[in-house]
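Secondary and tertiary structure notes
Take a look at the letters that make up each chain.
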Amino acid sequence: MSEPLVFHYDIDGEDFISAGQASIQIKKNLRRIGLSPEVIRRVSIAMYEGEINMVIHAKGGTADVMLYEDRIEIILADKGPGISNIEEAMQEGFSTASDTIRSLGFGAGMGLPNMKRYSDKMTIDTTVGVGTTVTMVINIT
Amino acid sequence: MKIKDLKELLDADVLCCEENLGRHLYSACGCDLMSDVLAYVKDQGALLTGLVNPQVVRTAVMMDLVCIVFVRSKLPTEDIVELAKENGIVVLTTDKRLYEACGILYSNGLGVKATK
Ligand SMILES: Nc1ncnc2c1ncn2[C@@H]1O[C@H](COP(=O)(O)OP(=O)(O)OP(=O)(O)O)[C@@H](O)[C@H]1O
Ligand SMILES: [Mg+2]
């Protein structure tokens, strides 16, 4: 098995306006590599939701995208507040986002359910007060 | 319909990517909540919104949308237009309200469901 191609990004947590730049870059890179539009769309939506979450809930973090022959793995890691109840957070409509975030068009509580829907496998590793790591796998068929 | 037809129906001004007005639209959605937009996958569609910030464009890029219409005469800043331009997305503004703009497009045959 050959080594995966890795893309690494630092996600600035101070700046909502520039949030999503890493996802735009990934989309461009995957297009250049020539993956199918369907796979590219799933990867970019899932990553964009995760990137926005890191900015609005966790003051930023890192994103690593690994391209294997048969799959793409997205690892989003932050040192934010963590998620105390994953089951609750996964429900459509559950959100702790502020009114400010809502007025910017986010905070509907759709992000995590979307990320799960667009990926083939998603795991959340989180500890309150320490941080959250979300790993998503999207198969290339 | 084509983006050009949408422009005429909404009496809208083009802010960028005029060269793409001939592209086809198969669906549209009217929404100020980007996380709701991201919950539906409909490519080659138009996004009508009253929300003005760069996340509107990034959302459109992620969803492979081809056209953004800012309603109620909202004018996006230059960096927003620039971002759309880089990604080939046509940006339009209309003085119509979101409800009216959507109604006009719907009654002229632009469906809610992708018909590709
Ligand atoms: N990286 C994270 N760190 C801490 N809490 C998080 C993180 N990601 C999500 N959460 C928590 O889980 C909740 C649900 O997340 P989800 O992405 O589904 O909705 P949202 O971000 O609030 O709204 P939307 O995604 O629709 O804009 C959040 O409101 C937040 O409380
Ligand atoms: Mg979210």
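About the cut-offs
Residues numbered from 1 in each chain as written. Chains lettered and ligands numbered in written order. Predicted model: local features only at pLDDT ≥ 70, side-chain atom pairs only at ≥ 80, totals over all residues. Heavy atoms only, no water. Core = buried A, V, L, I, M, F, W, Y, C linked by side-chain atoms within 4.5 Å. Buried < 20%, exposed > 50% of the residue type's maximum accessible area, 1.4 Å probe, protein only. Helix = DSSP H or I, 4+ residues; strand = E, 2+ residues; numbered from the N terminus. Contact = heavy atoms within 4.5 Å. Near = heavy atom within 4 Å. Polar contact = N/O pair within 3.5 Å; in protein donor to acceptor, adjacent residues only side chain to side chain. Areas by Shrake-Rupley, 256 points an atom, 1.4 Å probe, with all protein chains shown as cover. Axes fitted to C-alpha atoms, helices over the stretch in contact; angles between N-to-C directions. Parallel < 35°, antiparallel > 145°, perpendicular 65-115°, else oblique. Left-handed = near helix turned anticlockwise from the far one by under 90°. Nonpolar A, V, L, I, M, F, W, Y, C, P; charged D, E, K, R; others polar. pLDDT = per-residue confidence, 0-100. Pairing = 2+ DSSP bridges.

A word on the nonpolar core. One finds A:Ile72, A:Ile74, B:Leu6, B:Leu10 and B:Cys67 to be the most contacted residues of the largest nonpolar core, which totals 81 residues. Here the element with the most residues in this core is helix α2 (residues 37-58) of chain A; it accounts for 10 residues. Beyond its immediate sequence surroundings of up to four residues, A:Ile74 is in contact with A:Val43, A:Met47, A:Asp64, A:Val65, A:Val134, A:Thr135, A:Met136 and A:Ile138.

Attention shifts here to the site of ligand 1. Ligand 1 sits among 22 residues. The nearest are A:His57, A:Ser95, A:Thr96, A:Gly107 and A:Met110. Per-site note: the chains with residues close to ligand 1 are chains A and B. One of the side-chain nitrogen or oxygen atoms of A:Ser95 is found 2.5 Å away from an oxygen atom of ligand 1. In isolation ligand 1 offers 590 Å² of accessible surface; the protein chains occlude 96% of this area. The biggest single contributor to the shell around ligand 1 is α2(A), with 5 residues.

Here we come to the packing of helix α1 (residues 21-33) of chain A against helix α3 (residues 54-62) of chain B. Direction vectors running N to C along α1(A) and α3(B) enclose 30°, while the axes themselves pass 10 Å from each other. Relative to α3(B), the element α1(A) is oriented roughly parallel. Every pair of crossing elements has a handedness; the one defined by α1(A) and α3(B) is left-handed. Between α1(A) and α3(B), the contacting residues are A:Gln21, A:Ser23, A:Ile24 and A:Lys27 on the first element and B:Arg58, B:Val61 and B:Met62 on the second. Per-class residue counts for the contact of α1(A) with α3(B) are 3 nonpolar, 2 polar and 2 charged.

Right, let's talk about the confidence of the model for chain B for a bit. Per-chain confidence: chain B averages 93 in pLDDT, with 95% of residues scoring 70 or above. If you check the scores for this complex, the pTM reads 0.95 and the ipTM reads 0.93.

Residue and element names in this part refer to chain A. With respect to topology, 5 strands assemble into an open sheet ordered β1-β2-β3-β5-β4, the strand pairing being antiparallel. Every other strand in the sheet has two partners, leaving β1 (5-12) and β4 (121-127) as the edge strands with one partner each. Averaged over all neighbouring strand pairs, the angle between strand axes comes to 10°, with direction disregarded. Inspection of the sheet shows β1 paired to strand β2 (residues 60-67) by 8 bridges, in the antiparallel sense. When the sheet's bridge partners are listed, histidine 8 is paired in β2 with aspartate 64. Helix-sheet contacts for α2 involve β1, β2, β3 (71-78) and β5 (131-139), and the interaxial angle to β3 is about 5°. The strands touched by helix α5 (residues 111-118) are β3, β4 and β5; relative to β4, the strand with the most contacts, the crossing angle is about 140°.

All names here are of chain B. By the element assignment, leucine 92 lies in strand β5 (residues 90-93). Owing to a relative accessible area of 0%, leucine 92 belongs among the buried residues under this scheme. When the C-alpha atoms of leucine 92 and aspartate 13 are compared, they prove to be 5.4 Å apart, with 79 residues separating the residues in sequence. Setting aside its immediate chain neighbours within four residues, leucine 92 contacts Ile3, Leu6, Lys7, Ala12, Asp13, Val14, Cys67, Ile68, Val69 and Phe70.

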